[in-house]
Amino acid sequence: MTQIMQARAMCKSYGPVRVLENVDFELDEGEAHVVIGPNGAGKTTLFRCLSGETRIDSGTITLSGSDVTALEGWQRVKSGIGRSFQVARIFGGMSAFENLIIAIETRERNKNGLRFSLRHLAPRKAVLEEAERLIGELGLEHTSDDAAENLSHGDKKRLELAMSLALKPKLLMLDEPTAGMSPSDRAEAVRLISQVRDTYGLTLLLTEHDMEVVFGLATRLTVLHQGVIIASGQPEEVRADSRVREVYLGQH
Ligand SMILES: Nc1ncnc2c1ncn2[C@@H]1O[C@H](COP(=O)(O)OP(=O)(O)OP(=O)(O)O)[C@@H](O)[C@H]1O
Ligand SMILES: [Mg+2]
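Residues numbered from 1 in each chain as written. Chains lettered and ligands numbered in written order. Predicted model: local features only at pLDDT ≥ 70, side-chain atom pairs only at ≥ 80, totals over all residues. Heavy atoms only, no water.

Right, let's get into the sheet that holds strand E5 (residues 66–67). In space, the 4 strands of this open sheet follow the order E2-E1-E4-E5, with antiparallel pairing throughout. The sheet terminates laterally at strand E2 (17–28) and E5, the two strands that pair on one side only. Relative to E5, strand E4 (residues 58–63) runs antiparallel, the two sharing 2 bridges. Bridge pairing in E5 links Thr 62 to Asp 67. This element, helix H1 (residues 43–51), spans strand E1 (3–14), E2 and E4 of the sheet and lies at about 120° to E1. (Pairing = 2+ DSSP bridges. Helix = DSSP H or I, 4+ residues; strand = E, 2+ residues; numbered from the N terminus. Contact = heavy atoms within 4.5 Å. Axes fitted to C-alpha atoms, helices over the stretch in contact; angles between N-to-C directions.)

Okay, here's the thing in structure tokens:
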């Protein structure tokens, strides 16, 4: 199995609060790795540290064998990380289509070492077609030209997923992709995430609170509790772990 990410002895504090405590973390190519843990366990912080949005205080992070500890988030995007956020980050005043054009153009200009600017934007046919294809794949056709800020919560999440895919990541990180969804929207989101995983051959890293979603997607499960990893392995093994049941699953 090829390892695409490896983190060693990560520590992160916010002021006096130690949020990650000596965390070792690995990600194998092709896995759907789900990180669970109670509110405040440090899951989003772990995501931020791995994606480069936040610096770790100590420890190392390697991506496909290269040390990226000192790289900024946008530089790690170039190394193949895409991510979505616990609260969707989209351009509210623009349509889903326009949001996608920006994501695709950003990728293309990054690739060519150019800075993205809206000023001279006249998207090529291939870019327009790719945006249309992503709209179709993610089931966003019905949003047509509505401003993204007026989309339903589920559609905003879909749009964010489409924008992440537009960057053509190898590794896709999704922080609570089904947060705030109804049970039926959740089931649909699991189907969609599995579908894009297969279509794009992605490695997935997710956090999630809903256990049906967790066990519906995970090929590997890691439990974070108060900034420490207390278990990691096959979902069924982790489910049976007595410490995990005590500190986490037992609460649900
Ligand atoms: N930017 C920040 N500044 C100060 N403290 C922070 C910051 N971000 C997170 N924390 C603290 O770090 C701890 C872990 O937060 P984090 O958001 O990583 O948890 P989480 O596991 O993602 O929780 P949830 O399940 O609620 O999303 C919490 O005590 C939180 O208050
Ligand atoms: Mg969180």
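What follows is about the nonpolar core. The biggest cluster of nonpolar side chains holds 44 residues, and the ones touching the most others in it are Ile 36, Leu 100, Leu 138, Leu 159, Leu 161 and Leu 165. Per-element accounting of this core gives the leading share, 6 residues, to helix H5 (residues 153–166). Here this core spans two domains, since at least three of its residues come from each of domain 1 (1–80 + 169–252) and domain 2 (91–168). Discounting chain neighbours no more than four positions away, the residues touching Leu 159 are Ile 90, Ala 96, Asn 99, Leu 100, Leu 140, Ala 148 and Leu 151. (Core = buried A, V, L, I, M, F, W, Y, C linked by side-chain atoms within 4.5 Å. Buried < 20%, exposed > 50% of the residue type's maximum accessible area, 1.4 Å probe, protein only. Domains from an automatic or database assignment.)

Now for the site of ligand 1. The full set close to ligand 1 counts 13 residues, and Gly 40, Lys 43, Thr 44, Thr 45 and His 209 are the nearest of them. The backbone of Ala 41 places a nitrogen or oxygen atom 3.2 Å from an oxygen atom of ligand 1. Expressed as a share of its isolated accessible area of 630 Å², the protein-covered part of ligand 1 is 62%. Per-element tally for the shell around ligand 1: the top contributor is H1, with 3 residues. Across the shell around ligand 1, the residue classes break down as 4 nonpolar, 7 polar and 2 charged. (Near = heavy atom within 4 Å. Polar contact = N/O pair within 3.5 Å; in protein donor to acceptor, adjacent residues only side chain to side chain. Areas by Shrake-Rupley, 256 points an atom, 1.4 Å probe, with all protein chains shown as cover. Nonpolar A, V, L, I, M, F, W, Y, C, P; charged D, E, K, R; others polar.)

Turning next to unusual backbone geometry. The phi dihedral of Glu 176 falls on the positive side, at around 50°, and the residue is not glycine. Residue position: Glu 176 is located in the loop between strand E7 (171–175) and helix H6 (183–200).

In this section: H6. Counted at 1.5 Å a residue, the expected span for H6 with its 18 residues is 26 Å, and the 26 Å between its end C-alpha atoms agrees. Residues of H6 that are buried include every one of Ala 189, Val 190, Leu 192, Ile 193 and Val 196, and no others. Structurally, H6 contributes buried residues whose contacts are with helix H4 (125–137), H5, E7, strand E8 (203–207) and helix H7 (211–217). The positive-phi residue at the C-terminal boundary of H6 is Gly 201, with phi of around 60°. (Expected span 1.5 Å × (residues − 1).)

Quick look at the domain arrangement of the protein chain now. For the protein chain, the assigned domains read domain 1 (1–80 + 169–252) and domain 2 (91–168). Centre-to-centre separation of domain 1 and domain 2, based on C-alpha positions: 25 Å. Each partner contributes to the roughly 1,300 Å² buried at the junction of domain 1 and domain 2, and carbon and sulfur atoms together form 65% of this total. Taken as a group, Pro 169, Leu 192 and Tyr 200 account for 39% of the area that domain 1 buries against domain 2, more than any other trio of residues on that side. Applying the counting rule to domain 1 against domain 2 returns 1 salt bridge. Linking Glu 188 and Arg 158 is a salt bridge whose minimum nitrogen-to-oxygen distance equals 3.5 Å. Counting every contact that joins domain 1 to domain 2 gives 5 residue pairs in polar contact (both at pLDDT 80 or more). Counting residues per element, the ones that place at least two in the side of domain 1 that touches domain 2 are helix H2 (73–78), E7 and H6. Among the elements that make up the side of domain 1 that touches domain 2, the one with the highest residue count is H6 (6 residues). Counted by class, the side of domain 1 that touches domain 2 contains 12 nonpolar, 2 polar and 5 charged residues. (Buried area = accessible area lost by both parts, 1.4 Å probe. Salt bridge = Lys/Arg side-chain N within 4 Å of Asp/Glu carboxyl O.)

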